[in-house]
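Descriptive analysis of the structure
Here is how the chains run, residue by residue.
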Amino acid sequence: MIFLQKLFDYSPIINHNNTNNNHTQQTKEQHVHVRITHDKVQVSMDAFGGLMYKRSLGENNEKHITTAPLRETIASALLRCAGYHKTPGRSIFDPFCGSGTILQEAIGLSLEKPTFPRQRFAFEDFPIHDRDKFWEFLGLLEKGKSLGDVYKSIEGGSIVGSDIDKKSISASYHNFSSAGYFNPKETEYIKFYHQDFEEAEKYVSKDSNFMIMTNVPYGYRVLSENETKSKANFGVNNSLRDTYYRFGQMLKRRTDFQDLFVLSGKKAFAPITNLQWDTLLSFQNHGLPVEFLKLRKK
């Protein structure tokens, strides 16, 4: 496959009459992608003007991420696959929360509206763009629930995240506060713990019908070169193996958890937990093959 990318000034095709007082004309270049595979040519234009999965928290206030972030769009899609959008406001626990992406997207689904500031797209400068219909559509998106409604629906439960990495917890605090979800240090509904998941699990109520959804550690960045090449070890070092085993033991102990979902990039994960998992989705995350698993209840 031959891949070509062309940048050019597309000011001649900009609809200069299609302006809005809330925005300035910032787009100066248009990305055009040309893919040639087996004598077939595909030409596409970038209508977004950036990375579609990247959420913005506002001007000069970018989201803080960890060294192995989960894309927001993937987190939202996994929550939908798990049916979270059918029970908005349900209590949820992410024991490997990182920068809090899964939990933040869960609130977004509960609010039933975008949880990030309005972004400007490249297609808004296209001559075929209908500004009035687009703004009408944006108005419909804003008719979601309030945070107060979401918190009331939790009914005594909470949104809980834990991580052993201090920087990850700091990133979670920043992202939630910047998104306007009150200050997690002061609200009773959102809790983050800089602790191992087995310690944080003690603070998770047994009376709130909690769902667990998490992106378990699996990236090759946590392995040494020898461990990565070890077929006998499935690319899983002793620390990771211990984490998987203890995670499985926690799930066996906490039978009150109703629905349990895991994004895993290690085939060894399921056998090490000694639990039965069903594969709901298989795809690639940052170039690594991963599986979205659901615990099979007895």
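To keep things clear, this report deals only with the structure shown in the data block. (Residues numbered from 1 in each chain as written. Predicted model: local features only at pLDDT ≥ 70, side-chain atom pairs only at ≥ 80, totals over all residues. Heavy atoms only, no water.)

Looking at the packing of aromatic side chains
To be explicit about the condition: Each Phe, Tyr or Trp ring, with Trp reduced to its six-membered ring, pairs with another whose centre is within 6.5 Å; inter-plane angles below 30 degrees give stacked pairs, above 60 give edge-to-face pairs, and intermediate values give tilted ones. Per the convention used, a helix needs a DSSP run of H or I reaching at least four residues, while a strand needs a run of E reaching at least two, with both numbered from the N terminus. Each residue is assigned to one of three classes by its accessible area relative to the maximum for its type, calculated with a 1.4 Å probe on protein chains only: buried under 20%, partly exposed between the two thresholds, exposed over 50%.
Taken as a whole and judged by the stated rule, the model has 14 aromatic pairs. Ring plane angle 80° and centroid distance 6.3 Å describe the contact between phenylalanine 121 and phenylalanine 134, whose orientation is recorded as edge-to-face. Of this pair, phenylalanine 121 sits in the loop between helix H2 (101–111) and helix H3 (131–141) while phenylalanine 134 sits in helix H3, and the two are 13 residues apart along the sequence. Of the residues examined, phenylalanine 134 reaches a relative accessible area of 12% and is grouped as buried.

Details of the pairing of strand E10 (residues 288–295)
Convention followed: Between any two strands, pairing holds if DSSP finds at least two bridges.
With four bridges connecting them, strand E8 (residues 259–264) and E10 associate as antiparallel partners. Bridged to leucine 263 within E10 is phenylalanine 292. Taken together, the eight bridges between strand E9 (residues 277–285) and E10 define a ladder with antiparallel strand orientation. Looking across to E10, one finds that asparagine 285 is bridged to leucine 288. Taking the residues that link successive antiparallel strands as the turn, the E9-E10 hairpin has two residues, and the phi of histidine 286 there is positive, at about 55°.

Let's talk about the side chain of threonine 214
Note on placement: threonine 214 falls in strand E7 (residues 211–215). Under the relative-accessibility criterion, threonine 214 is labelled buried at 1%.

Re the side chain of serine 162
Here is the rule: Contacts between residues were defined by any pair of non-hydrogen atoms, one from each residue, lying within 4.5 Å.
Structurally, serine 162 is set in strand E5 (residues 159–162). Once residues within four sequence positions are removed from consideration, serine 162 is found in contact with Phe93, Asp94, Pro95, Phe96, Cys97, Ile169, Tyr193, Gln195, Phe197 and Ala200.

Here we look at the nonpolar core
One recurring pattern in soluble globular proteins is that nonpolar side chains are buried together. So the rule is basically this: Residues grouped as a nonpolar core are buried Ala, Val, Leu, Ile, Met, Phe, Trp, Tyr and Cys residues, joined through side-chain atoms within 4.5 Å.
Ranked by internal contacts, the top residues of the largest apolar core, which has 54 residues, are Ile92, Met213, Phe247, Leu251, Phe257 and Trp277. The element that contributes the greatest number of residues to this core is H2, accounting for six residues.

What about the packing of helix H1 (residues 72–81) against H2?
Basically, it comes down to this: Axis definition: a line fitted to C-alpha atoms, limited for helices to the stretch in contact. Angles are taken between N-to-C directions and run from 0 to 180 degrees. Here is the rule for angles: anything less than 35 degrees is roughly parallel, anything more than 145 is roughly antiparallel, 65 through 115 is roughly perpendicular, and the remaining ranges are oblique. Each crossing is labelled by how the near helix is turned from the far one, with a counterclockwise turn of less than a right angle marking it left-handed and a clockwise turn marking it right-handed. Nonpolar residues are Ala, Val, Leu, Ile, Met, Phe, Trp, Tyr, Cys and Pro. Charged residues are Asp, Glu, Lys and Arg, and all others, Gly as well, are polar.
At a closest axis distance of 9 Å, the pairing of H1 and H2 adopts a crossing angle of 60°. By the angle between their axes, H1 is oblique relative to H2. Considering the relative orientation of H1 and H2, their crossing is right-handed. Of the residues in H2, those touching H1 at Glu72, Ala75, Ser76, Leu79 and Arg80 are Thr101, Ile102, Glu105, Ala106 and Leu109. Partitioned by chemical class, the residues of the contact of H1 with H2 number five nonpolar, two polar and three charged.

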